[in-house]
Amino acid sequence: MNFSEWKEVALGDVVDIISGGTPKTAHNEYWEPAEIDWITAKDVSECENRTIKETSRKISKKGLEHSAARMLEPLTTVLIARGATTGKVALSTENMAMNQTCYGLQAKKGNDKLFIYYLMLSRYNSFRSIANGSIFDTIIGSGIKSIKVRIPSLPTQQWIGEVLASLDDKIELNNSINKNLEETAKALFKHWFVDFEFPNENGDPYKSSGGEFEESELGLIPKGWKISSLGQVIKVKHGFAFKSENFSEDKTNRILLTPGNFKIGGGFNDKKLKYYSNQADIPLDYILKTGDMLITMTDLSKSGDTLGFPAVIPIISDSEVLHNQRLGRVIYCTDLPIKGYVYNLLCSKEYRGYILGSATGSTVKHTAPSRIESYKIIIPNKDVLLKFDNIMSDVFNQLSLNYSENSNLSMLKDTILPKIMSGEIQIPMGRIYSESTDLPLEEKNKEQYSTT
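Residues numbered from 1 in each chain as written. Predicted model: local features only at pLDDT ≥ 70, side-chain atom pairs only at ≥ 80, totals over all residues. Heavy atoms only, no water.

The amide bond that connects E32 to the next residue, P33, takes the cis arrangement and shows omega of 0 degrees. Among the secondary structure elements, P33 is positioned in the loop between β2 (15-19) and β3 (36-39). At N95, a residue that is not glycine, the phi angle is positive and equals roughly 55 degrees. Note on N95: relative accessible area 37%, which makes it partly exposed. (Helix = DSSP H or I, 4+ residues; strand = E, 2+ residues; numbered from the N terminus. Buried < 20%, exposed > 50% of the residue type's maximum accessible area, 1.4 Å probe, protein only.)

In this section: the side chain of T296. Topologically, T296 is positioned in strand β18 (residues 293-296). The buried category is assigned to T296, whose relative accessible area is 0%. With near-sequence residues (within four places) excluded, T296 lies in contact with P259, F262, T306, L307, G308, F309, R326, L327 and T367. (Contact = heavy atoms within 4.5 Å.)

Following both chains from N to C, one finds helix α3 (residues 113-122) and helix α10 (residues 382-422) inclined at 105 degrees, their axes separated by 9 Å at the closest point. When the axes of α3 and α10 are compared, the pair comes out roughly perpendicular. Two secondary-structure elements touch here, α3 through F115, Y118, L119, L121 and S122 and α10 through K413, L417 and M421. Class assignment of the residues belonging to the contact of α3 with α10 gives a composition of six nonpolar, one polar and one charged. (Axes fitted to C-alpha atoms, helices over the stretch in contact; angles between N-to-C directions. Parallel < 35°, antiparallel > 145°, perpendicular 65-115°, else oblique. Nonpolar A, V, L, I, M, F, W, Y, C, P; charged D, E, K, R; others polar.)

Among the residues of helix α8 (residues 349-358), those classed as buried are Y351, R352 and I355. One face of α8 carries all of its buried residues, which in axial projection span an arc of 100 degrees. Across from the buried face of α8, at angles greater than 90 degrees, the exposed residues are K349, E350 and G357. In the core, the buried residues of α8 are packed alongside β18, α7 (339-345) and α9 (369-373). (Arc of directions from axis to C-beta.)

For the rest of this paragraph, the subject is the nonpolar core. If you look at the biggest cluster of nonpolar residues, it comprises 54 residues, and the most contacted ones within it are F193, W225, L230, L257, Y341 and I372. In terms of residues, this core owes the most to one element, α10, which gives eight residues. Among all residues touching L257, those that are not within four sequence positions of it are F268, L273, L288, L294, I313, V321, L322, N324 and L327. Counting 38 residues, the second largest nonpolar core, distinct from the first, contains V15, I116, M120 and L167. (Core = buried A, V, L, I, M, F, W, Y, C linked by side-chain atoms within 4.5 Å.)

Time to look at the side chain of D168. With respect to the element layout, D168 can be found in helix α6 (residues 154-193). Accessibility expressed as a relative area gives 6% for D168, which makes it buried. Ignoring any residue separated from it by four or fewer positions in sequence, one finds D168 in contact with R50, Y117, Y118 and K413.

Taken as a whole, this structure holds 13 salt bridges when the rule is applied. Note that K170 and E405 form a salt bridge whose closest N and O atoms lie 4.0 Å from each other. A residue pair is termed long-range when its members are at least 10 positions apart, and K170 in helix α6 and E405 in helix α10 qualify at 235 residues. Residues D414 and K251 are paired through a salt bridge, measuring 3.9 Å at the closest nitrogen-oxygen approach. Linking D414 in helix α10 with K251 in the loop between β14 (247-248) and β15 (254-256), this pair joins segments that are 163 residues apart in sequence. (Salt bridge = Lys/Arg side-chain N within 4 Å of Asp/Glu carboxyl O.)

Next up, the structure:
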């Protein structure tokens, strides 16, 4: 791959640029039945992987016919967000259209869609520099077309796309594994502690095997179990009021967690990390460790999407993770092996209903340590808790390892992407990334790169 053979062209020479539209909201038949995924800039900016799998809203076939929106070519359209998230990119899948907050780039004959995607990803700053608008940034179509880019031959485009996609493929695989782990843990929690089918002393399902129950203020519970408040087993500690003027989008050695780092339903989200630029000493009580559990105390959405949900801090190497004031840290005040049980309880529908029912605020939702600690819970016996905690310990460890690997993969991709596109790194044709994860990708691929 010789960078001197790359040609400089205008982006409009290698892609067709299309825009979308919105059906009239007054016509219900344009929205129901909801048949077609309808992409907005929000879907692009919040896309956790390379490809948008589903959208936050859908339109009907009739709505598509009566708007400027059009069906996107499946698996070939590079999406660019306009507005406040100008320049964010993603790929569409099948049966999708988009509204006017996005542009679609479709590779012309002789060009590769994956290469175009990674090229656009590497040119984020170019999009920001041509953005305009008094309230929100926006990109003008003619501005996109005129951006100058360097393009190699089609075989080289395909090879670069394949190499970079191998990193994203592994990241997406880890995300899929984590999602399955989290869903399996929640299902097991329900089976054991809601359906009461935990294994008895013989390893048989307790309720189905005729296990004994007794009355309680929360209904029938297994004999020997107790009712308590959550505050009897944990305390929730507020975070530190870090100064907003030191919040940064640029990476520093200090990660400042916010409610944006929590998934709807519970779990850690590493896609929206913020950083803290001030290097002054911070009290040790507000520096988090791998394995610490946090709860969201504030949510900016009207429906309180993440309010009260938990997340466990994964392995985040070479960074201090700071405990912000909008989050509550879980401190255990019992010798019971309770971490796995509490985590899944904080993800449960019953607890979720309690948190939303007791929340304050209309535009911004709030909860408080005292409200969380007042929630009534069932305390299983120690043997059952220990069995469940051992399972959850393995789950937490695997989740953390996958997050850590993804962080390293993302760092590698962020490092090599602009260098590949500028010719600083050249990738020999015919070499492929190993599927094995026994060694860091940086070590496996060290010999695949040559620096000019």
